[in-house]
Structure formats: structure tokens, C-alpha cells
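# Analysis of the macromolecular model
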Amino acid sequence: MTSSRLRAKTALLASGVAGALLLVCTACSAGVATAPIADATTTADVTVAPMAATSTAPRTIVTIGDSIMAGFGLDDPSQAWPALLAAATGDTVVNLGCSGAGFVVAGDCGTDYAGLIDQAVAAQPDLVIVQSSDNDMDETQATLDAATASTVTALREALPNARIVGLNTLWNPTFDDPAAITWSSDALRAAVTDAGGDFVSIGQPLQGRDDLLQWDLEHPDPTGQIVLCDAIQQALTDAGILL
């Protein structure tokens, strides 16, 4: 996220793993040299389009999201969950996570999610994972719906043969989430479903887990990224998206 938005979120925060981890992300985290380039045991909420079985051959995956996906505050990008997923699966993962960005808000990369589509196309992905963001939490529901639908439609038109998967917005603080957190997830579910894609909710695996978060109590530390990777990989595997 941008420094101004980070300060604003930090002010908001100031106001206000019993389950077994998958061995894959966890085992690969000790010395991740990115492969080709939990206490949260929530039940995944999944909307999956009928599609052919996923191949077990290495794929190219593009991830589009915000600072949590980008690995904000980590010593090395290889500690972020997309790199851990690459090491775990042997797939090539191109991480387009952009701090401060959302479907509406432009991030440190100078654009919102729509502006990342050309980079996604250049990677020629088999699978695109898009995660809605709390960076859009100041937007109205109508604005979120329109921007999300427009971006996902453009992504589908640019990548007609790629599988598109949406992940719900993360909210790690312990206090009640703003309404826009639910709105953003709902908007993404509707957009990817309309585009013939899949939506997977992993719940909130890091919510209230200060021991897995950095000083701002929002961004995962290296261990939190492992927990997040495990939750995402498990949910995608249960949905038949990662095999």
C-alpha cells in the first residue's frame, strides 16, 4: 500500500495454528529459492465453474492482488505466499501483487488492478488468481461492483483460455470489518462467476493472530505468509483447482 494509506490504516488499527499445516508450503518455506519464475481451519466457501480436470503438469500462474500478496515488509519476496506456492507446486508463479492497489484504488505500481492486465497477458498464464483488497474499503458498493466487473471482464477478454480464480478480501484486525470488505468479496464472486471462473473464500486465517503479523497488525510476517499459503493451497486443492 502507499505510505499515506498505510499511515491511515495504522491509525484505524490503533483505534479500534491449531489445525495441521499442509506440509507443502511449510516444508518449502525454510529455503525458498523461488521455483520456476494453522490456526485457521475455516471451511472454504467455493463457487466453482464446471471445467475439465486440471493438469498436473507445471503451469504458469499469475497472481493479482495487494500488499499482502506483494510481500510488504518482508526481507525477501520469496517469503510471500505466491513464491511459496511456486516452490510447493513446481509451477511458475508471476506475482503482480501491488501495494496499495485494488479494483478502484491505484497502488505504488501506479495503477489499479486493470492496469496490470497487460503484464498478466505477457506471462501467458494457464491460471490467474485475483484477490480483492481492503484498499478499496472507502468505496461505495456500486463503485466496487462496477470496477470489479469491468476489470474481470477485461481480464477474461484478454485471456480467453486462462482459468480465472477469485479469492476473498483479507481482514486481519480483530475489530469488525467495514462493510466494503464483504462488498468487495461479493463483487469479485459475481464477476468471476459471470466470466466463467471460480471463486474461493479462505475465510480469515490471520484475523486476530498478532503473532503472525508485522508491527502494523495487518501484513503477515514470514510465518503468517506460510499460514496464508497453506490456507490458499488447501482451499484451491479442495476445489479441484490445484492438484
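See the structure printed just above.
The text that follows walks through the structure, step by step, so that each part is easy to find.

## Describing the overall build of the chain
Within the chain one finds 8 helices and 6 strands. Counting helices and strands in the order they occur from the N terminus, the chain gives α-α-β-β-α-α-β-α-β-α-β-α-β-α. For the chain, buried positions account for 52% of its 243 residues. For the chain, the accessible area works out to roughly 9,900 Å², and carbon and sulfur atoms hold 53% of it.

## Concerning unusual backbone geometry
Not every positive phi belongs to a glycine, and Gln124 is a case in point at roughly 50°. By secondary structure assignment, the location of Gln124 is in the loop between helix H5 (117-122) and strand S4 (127-131). Notably, Leu217 is not glycine yet its phi reads approximately 60°, a positive angle. If you trace the backbone, Leu217 turns up in the loop between strand S6 (198-201) and helix H8 (222-238). Given a relative accessible area of 34%, Leu217 falls into the partly exposed group.

## Regarding the environment of Ala191
Mapped onto the secondary structure, Ala191 falls in helix H7 (residues 179-194). On the basis of relative accessible area, Ala191 is assigned to the buried category, the value being 9%. Taking the C-alpha atoms as reference points, Ala191 and Thr151, separated by 40 residues in sequence, lie 8.7 Å from one another. When residues no more than four places from it in sequence are discounted, the contact partners of Ala191 are Thr148, Ala149 and Val152.

## Some words on the pairing of S6
Residues of S6 alternate between two faces, with Asp198 and Val200 on one and Phe199 and Ser201 on the opposite face, all of them buried. Of the strand pairs in this sheet, strand S5 (residues 163-167) and S6 are connected by 3 bridges, and their pairing is parallel. When the sheet's bridge partners are listed, Leu167 is paired in S6 with Val200. Chirality of the crossover, the property in question, places the unit of S5, H7 and S6 among those that are right-handed.

## Examining the packing of aromatic side chains
Overall, the coordinates contain 2 aromatic pairs when judged by the stated rule. Seen in terms of ring centroids, Phe103 and Tyr113 are 4.7 Å apart; in terms of plane orientation they differ by 70°. Their pairing is edge-to-face. Taken together, the positions of Phe103 in the loop between strand S3 (92-95) and H5 and Tyr113 in the loop between S3 and H5 put the pair 10 residues apart, joining distant regions of the chain. Ring geometry for Trp171 against Phe175: centres 5.7 Å apart, planes inclined by 80°, an arrangement best described as edge-to-face.

## Overview of H7
With 16 residues, H7 ought to run about 22 Å at 1.5 Å a step, and its terminal C-alpha atoms sit 23 Å apart, in line with that. On its buried face, H7 is in contact with S4, helix H6 (141-158), S5 and S6. In the stretch just after H7, Gly196 is the one whose phi turns positive, near 80°.

## Overview of the side chain of Ser184
For Ser184, the position within the fold is in helix H7. A polar atom in the side chain of Ser184 sits 2.6 Å from the side chain of Thr169. If near-sequence neighbours (up to four positions away) are discounted, Ser184 is found in contact with Ser132, Ser133, Leu144 and Thr169.

## Observations concerning H8
Taking 1.5 Å as the rise per residue, H8 with 17 residues should run 24 Å; its terminal C-alpha atoms sit 24 Å apart, in good agreement. The element H8 is extensively covered by neighbouring structure, given that 12 of its 17 residues are classed as buried. Buried within H8 are the following residues: Gly224, Gln225, Ile226, Val227, Leu228, Cys229, Asp230, Ala231, Ile232, Gln233, Ala235 and Leu236. A positive backbone phi angle near 75° is found at Gly240, which sits one or two residues after H8.

## Notes on the packing of helix H4 (residues 81-89) against H8
In the contact formed by H4 and H8, the axes pass within 9 Å of each other and the chain directions differ by 60°. Taken as axis vectors, H4 and H8 run oblique relative to one another. The two elements H4 and H8 meet at a crossing, and its hand is right-handed. Residues Trp81, Leu84, Leu85, Ala88 and Thr89 of H4 form the contact with H8, whose participating residues are Gln225, Ile226, Leu228, Cys229, Ile232 and Gln233. Classifying every residue of the contact of H4 with H8 by side-chain character gives 8 nonpolar, 3 polar and no charged.

Thresholds, definitions, all that
- Residues numbered from 1 in each chain as written.
- Predicted model: local features only at pLDDT ≥ 70, side-chain atom pairs only at ≥ 80, totals over all residues.
- Heavy atoms only, no water.
- Helix = DSSP H or I, 4+ residues; strand = E, 2+ residues; numbered from the N terminus.
- Buried < 20%, exposed > 50% of the residue type's maximum accessible area, 1.4 Å probe, protein only.
- Areas by Shrake-Rupley, 256 points an atom, 1.4 Å probe, with all protein chains shown as cover.
- Contact = heavy atoms within 4.5 Å.
- Pairing = 2+ DSSP bridges.
- Right-handed = clockwise from strand over helix to strand, strands pointing away.
- Phe/Tyr/Trp six-rings, centres within 6.5 Å; stacked < 30°, edge-to-face > 60°.
- Expected span 1.5 Å × (residues − 1).
- Polar contact = N/O pair within 3.5 Å; in protein donor to acceptor, adjacent residues only side chain to side chain.
- Axes fitted to C-alpha atoms, helices over the stretch in contact; angles between N-to-C directions.
- Parallel < 35°, antiparallel > 145°, perpendicular 65-115°, else oblique.
- Left-handed = near helix turned anticlockwise from the far one by under 90°.
- Nonpolar A, V, L, I, M, F, W, Y, C, P; charged D, E, K, R; others polar.

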